[in-house]
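# Results of the structural survey
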Amino acid sequence: MQPIAFAALGVVTVCSILLFVVGRRYTRGYVAKHNAMPPMTWMFRRSPDPDLERHRRLALTTLPFYLVALVVYLFRTPPS
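Along every chain, residues carry numbers that run from 1 in the direction the sequence is written. For a predicted model such as this one, the threshold for reporting local features is a pLDDT of at least 70, and the threshold for listing and counting side-chain atom pairs is 80 or more; totals across whole chains, interfaces and linings nevertheless cover every residue. As a convention, hydrogens and water are excluded, and side-chain values are obtained from all of the structure's heavy atoms.

Turning our eyes to something else, we now look at the pattern of salt bridges. Within this document, salt bridges are pairs made up of a side-chain nitrogen of Lys or Arg and a carboxyl oxygen of Asp or Glu, the two lying within 4 Å of each other. Applying the stated criterion across every chain yields a total of 3 salt bridges. Here Lys33 makes a salt bridge to Asp49, at a shortest N to O gap of 3.1 Å. Residue Lys33 is found in helix 1 (residues 3-34), and its partner Asp49 is found in the loop between helix 1 and helix 2 (50-76); the two are separated by 16 residues along the sequence. Here's how the labels work: a residue is buried when its accessible area is under 20% of the maximum for its type, exposed when over 50%, partly exposed in between, all with a 1.4 Å probe on protein chains only. Classification of Lys33 as partly exposed rests on a relative accessible area of 48%. Two residues, Arg57 and Glu53, come together in a salt bridge whose shortest N-O distance is 3.0 Å. Residue Arg57 and its partner Glu53 are located together in helix 2, separated by 4 residues, close to a single helical turn. Given the relative accessible area of 11%, Glu53 is considered buried. A helix here means a DSSP run of H or I that spans at least four residues, while a strand means a run of E at least two residues long, and both kinds are numbered starting from the N terminus.

Quick look at the structure:
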């Protein structure tokens, strides 16, 4: 495996875990305040609550790094 692909795989792994944790925190906060599950587009809709908005913005800023690293990994890894 090429070093760039290996580094991209590491970024994808870290971003996946970060998105999971942030999404879970957002969901727990949303359920605690609204007694309902958040909409599926929670990451792309602003929230009036500052606590929820912090988690949403962190997830939204992590997403481009995740997608770019995924594309780099997929196109830098030679086919088997």
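Now that the structure has been shown, the text picks up again.
We now examine helix 2. The first and last C-alpha atoms of helix 2 sit 40 Å apart over 27 residues, in line with the 39 Å expected at 1.5 Å per residue. Taken together, the buried positions of helix 2 are occupied by Leu52, Glu53, His55, Arg56, Ala59, Thr62, Leu63, Ala69 and Tyr73. Where helix 2 is buried, its residues meet helix 1. The span you would expect from a helix comes to 1.5 Å times its residue count less one. Pairs of residues are marked as contacts when any of their non-hydrogen atoms sit within 4.5 Å.

Locating His55 in the fold gives a position in helix 2. Along the primary structure His55 and Gly29 are separated by 26 residues, whereas in three dimensions their C-alpha atoms are 9.6 Å apart. When neighbours within four sequence positions are excluded, His55 is seen to be in contact with Val22, Arg25, Tyr26 and Trp42.

The next subject is unusual backbone geometry. One non-glycine residue, Asn35, lies in the positive phi region at around 55°. Mapped onto the fold, Asn35 is located in the loop between helix 1 and helix 2.

Right, let's talk about the side chain of Ser47 for a bit. Secondary-structure assignment places Ser47 in the loop between helix 1 and helix 2. In this structure Ser47 comes out as buried when scored by relative accessible area, which is 14%. Once you skip the residues sitting within four places of it in the chain, Ser47 turns out to touch Tyr26, Leu52, Glu53 and Arg56.

On to the packing of helix 1 against helix 2. Two numbers describe how helix 1 lies on helix 2: the axes approach to 8 Å, and their chain directions differ by 155°. One way to sum up the angle between helix 1 and helix 2 is to call them roughly antiparallel. Handedness of the helix 1/helix 2 crossing: left-handed. Three classes are used: nonpolar for Ala, Val, Leu, Ile, Met, Phe, Trp, Tyr, Cys and Pro, charged for Asp, Glu, Lys and Arg, and polar for all others, with Gly counted as polar. Here the contact of helix 1 with helix 2 is built from residues that sort into 22 nonpolar, 4 polar and 5 charged. Every angle, taken between N-to-C directions, lies between 0 and 180 degrees, and every axis is a line fitted to C-alpha atoms, over only the stretch in contact when it is a helix. Under this scheme an angle from 65 to 115 degrees is roughly perpendicular, one under 35 degrees roughly parallel, and one over 145 degrees roughly antiparallel; angles in between are oblique. Should the near helix be turned anticlockwise from the far one by less than a right angle, the crossing is left-handed, and should it be turned clockwise, the crossing is right-handed.

By themselves, these figures tell us nothing about what the structure is for.
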